[in-house]
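# Chains, contacts and geometry: an overview
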Amino acid sequence: MNWMLLICAGIFEICWAVGLKSSHGFTRPVPSLLTVAAMAVSLLLLSFSMRTLPLGTAYAVWTGIGAAGTVAAGMIFFGESVSILRILCLALILSGIAGLKILAQK
């Protein structure tokens, strides 16, 4: 269950990063409120997952999901460049996340 909370926390991290761009420096009220709400939910879920997951693993997985997801969102929604090297880098991040999860098994 804590792994699911952590994955959800990572998804909300992606949401707040995308929302941060959409808020235009917190000058747009609705995207700004949604961004702050997503930040709060992300941190809350991260804190719940850390009740039983190791600190380093949980934090690394959370930031990895956020980083990889945000890069993918930038490519899909904001027209950021898509190249084989960027996709390879995303694959490296995702393989690191998978490795940390596998090695954290008790």
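The residue count restarts for each chain, going from 1 along the sequence in the order it is written. Note on the predicted model: pLDDT of at least 70 is required for a residue's local features to be given, and 80 or more for side-chain atom pairs to be given and counted; whole-chain, interface and lining totals, by contrast, use all residues. Note that water and hydrogens are dropped before the side-chain values are worked out from all heavy atoms of the structure.

Rules: UniProt positions are given in the numbering used here, feature names are shortened, and annotations may be inferred rather than shown by experiment.
Looking at an unreviewed UniProt entry, one finds the protein chain named Guanidinium exporter, with Victivallis lenta as its source organism. Turning to the protein chain, the UniProt record has this under Sequence similarities (unreviewed entry): "Belongs to the drug/metabolite transporter (DMT) superfamily. Small multidrug resistance (SMR) (TC 2.A.7.1) family. Gdx/SugE subfamily." UniProt, in the comment section headed Subcellular location (unreviewed entry), describes the protein chain in these words: "Cell membrane".

## Side note on the nonpolar core
Put simply, the rule is: We define a nonpolar core as any set of buried Ala, Val, Leu, Ile, Met, Phe, Trp, Tyr and Cys residues linked to one another through side-chain atoms lying within 4.5 Å. Each residue gets one of three labels from its accessible area relative to the maximum for its type: buried under 20%, exposed over 50%, partly exposed in between, using a 1.4 Å probe on protein chains only. Under the scheme used here, helices are H or I runs from DSSP no shorter than 4 residues and strands are E runs no shorter than 2 residues, and both carry numbers assigned from the N terminus.
Within the largest apolar cluster, 14 residues are counted, with the highest numbers of intra-cluster contacts made by Trp-3, Leu-6, Leu-46 and Val-61. Elements with a contribution of two residues or more to this core: helix H1 (2-22), helix H2 (29-49) and helix H3 (55-77). With five residues, the top contributor of residues to this core is H1.

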